[in-house]
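Structural overview
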Amino acid sequence: MKALIKIWKSIVTRRMYITGGIGSTVSGEAFTLDYDLPNDTMYCETCASVGLVFFAYRMLLSEEKGEYADVMERALYNTVLGGVALDGKHFFYVNPLEAVPGKSSKDPGKSHVKCVRPQWLGCACCPPNLARLLASVEQYVFVQKKDKLLVNLFVECKGRFEIGDGILEIELKTGYPWDGCVDIKLNYNGTASVCLGIRVPSWSDTFDAELNQEHAVFEEKDGFIYVNQVFSQDTIRLKLDMQAKRWYANPLVENNLGKFAVSRGPFVYCLEEADNGKNLHLLSVEKQEELKYEFDETLLGGVGVLTASGWKTEAVSGVEGLYRKNTAEEKKARTKIKWIPYYSWANRGENEMRVWVREDNQC
Ligand SMILES: [Zn+2]
């Protein structure tokens, strides 16, 4: 257990991508060194994130800590889901955080990074790994330990557990992951106290909980809130903070310095050429700019979209040659910047994609 905790800490505090991807190099699809997280040459294999879900789940069975379920959710909703196209028939093995079609075709160091999901690869590991995880996702939603039940993932479902001296029926009703309100309906026929633990994701800065429609303060420990009582027919409502968030990498991650990534709920977001044009690296957003959320049911099977007012550097106009001594001639124009959830990228043909976006404070 000591060794596992050491490996876990190494991964999640120094070697994991914000998308829950792991494996910084194509060579051996392996880890490299701490804080080495290149966005465009990494591997981040779909299988590796499936494996990370398995690892996180088993750590959660050993220790009741929300951080395990947080990582499980991060990998599941981002790199794992991104591994399959919306048509369910095309798959990524490599899950980049930055992709440019021309570089993938002309730079041998990036030839493993595909900009659309292939239908088949000689080594068919990721598609069945994805299928078995998605087909068994119910086993990750709850964890039972004697008279304690943990709710880890907020998936609409019904569960039935022999617990205490009775049967606990539990039903999750929610519009998650787009909506942050989760209703947990309980029906217990026993007389024993049951301890119900509900994860509060670490990305949720605030939360509110109700027991039978009344505001309640529950015991909080290691990323879970706990209700310990004799249940009968009860409802717990959890309201999570669904504000879009900006994230910054540790400054030792050289590729992400001066950049931010965006999330809302469990989803990490990305920019795509289809919405923002070519040369996504020319886009920047000021620190104070508000991120607006809207659900677009006509886009990509229905996705929550984030937008902000930003800038696009006009790289060509007035600037000749490769190098110059000042940037006075450089111009930039106001532009609307649009993010989509990372999992839904590369479903509109081959195009650029980028997770980390430049942040600036200039007007
Ligand atoms: Zn694989």
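Quick caveat: nothing in here was measured; it's all calculated off a predicted structure.

**Here we look at the overall build of the chain**
The number of helices and strands found in the chain is seven helices and 21 strands. Whereas a compact globule of 363 residues would reach a radius of gyration of roughly 21 Å, the chain reaches 22 Å, a difference of no more than 12%. Overall size of the chain, expressed as C-alpha extent along the three principal axes, is 80 × 45 × 40 Å. In the chain, buried positions account for 51% of the 363 residues. Put simply, 67% of the contacts in the chain that link residues at least 6 apart link residues at least 24 apart. For the chain, the exposed area adds up to about 17,100 Å²; of that, 51% sits on carbon and sulfur atoms. Measuring between centres, the 44 positive side-chain charges of the chain sit 4 Å from its 49 negative side-chain charges.

**Focus on the nonpolar core**
With 109 residues, the main nonpolar core has Ile170, Leu196, Ile236, Trp339 and Val355 as its most contacted residues. With ten residues, helix α2 (residues 46-62) is the single largest residue contributor to this core. Apart from residues no more than four positions distant in its own chain, isoleucine 236 is found in contact with Val182, Asp183, Ile184, Leu186, Leu196, Ile198, Glu210, Leu211, Phe218, Val227 and Phe231.

**Quick notes on the packing of aromatic side chains**
In the structure shown here, the tally under the stated rule is 14 aromatic pairs. Note on tyrosine 77 and tyrosine 176: the rings are 6.3 Å apart at their centroids and 90° apart in plane angle, and the pair reads as edge-to-face. Of this pair, tyrosine 77 sits in helix α3 (residues 66-82) while tyrosine 176 sits in the loop between β5 (166-174) and β6 (181-188), placing them 99 residues apart in sequence. By relative accessible area, tyrosine 77 is classed as buried at 9%. With a centroid separation of 6.3 Å and 50° between ring planes, the pair formed by phenylalanine 260 and tryptophan 339 is classed as tilted. A residue pair is termed long-range when its members are at least 10 positions apart, and phenylalanine 260 in strand β14 (residues 259-264) and tryptophan 339 in strand β19 (residues 331-341) qualify at 79 residues.

**Re the sheet that holds strand β10 (residues 219-221)**
Across a sheet, paired strands are connected by hydrogen bonds in the backbone, their directions being either parallel or antiparallel. Taken in spatial order, the five strands make up an open sheet running β2-β3-β7-β11-β10, and their pairing is mixed. Sheet topology places β2 (142-145) and β10 at the edges, where each strand pairs with a single neighbour. Between one strand and the next, the sheet's axes are offset by a mean angle of 25°, whatever the strand orientation. Pairing analysis gives four bridges linking β2 to strand β3 (residues 148-151), with the strands arranged antiparallel. The partner of phenylalanine 142 across the bridge, within β3, is valine 151. Sheet strands in contact with α2 are β2 and β11 (224-229), and its direction is about 30° off that of β2.

**Some remarks on the coordination of the zinc ion**
Surrounding the zinc ion are the protein donor atoms Glu45 (OE), Cys47 (SG), Cys125 (SG) and Cys126 (SG), at 2.1 to 2.2 Å. Taken together, the four donor atoms coordinating the zinc ion span angles of 94 to 124° at the metal, a pattern that classifies the geometry as tetrahedral. Between consecutive donor residues of the zinc ion, the sequence gaps follow E-x1-C-x77-C-C. With glutamate 45 in the loop between α1 (2-15) and α2 and cysteine 126 in helix α5 (residues 126-135), this pair connects stretches of sequence that are 81 residues apart. Of the two residues, glutamate 45 and cysteine 126, neither departs from the other in class, the shared state being buried.

Rules used in this analysis
Residues numbered from 1 in each chain as written. Predicted model: local features only at pLDDT ≥ 70, side-chain atom pairs only at ≥ 80, totals over all residues. Heavy atoms only, no water. Helix = DSSP H or I, 4+ residues; strand = E, 2+ residues; numbered from the N terminus. Rg over C-alpha atoms; globule rule 2.2 N^0.38 Å. Buried < 20%, exposed > 50% of the residue type's maximum accessible area, 1.4 Å probe, protein only. Contact = heavy atoms within 4.5 Å. Areas by Shrake-Rupley, 256 points an atom, 1.4 Å probe, with all protein chains shown as cover. Lys, Arg positive; Asp, Glu negative; His and termini not counted. Charge placed at Lys NZ, Arg CZ, Asp CG, Glu CD. Core = buried A, V, L, I, M, F, W, Y, C linked by side-chain atoms within 4.5 Å. Phe/Tyr/Trp six-rings, centres within 6.5 Å; stacked < 30°, edge-to-face > 60°. Pairing = 2+ DSSP bridges. Axes fitted to C-alpha atoms, helices over the stretch in contact; angles between N-to-C directions. Donors = N, O, S within 2.8 Å, 3.2 Å for Na, K, Ca; no water. Tetrahedral: all angles 85-135°; square planar, octahedral: opposite > 155°, others 65-115°.

Read these as layout, nothing more, since geometry by itself doesn't imply function.
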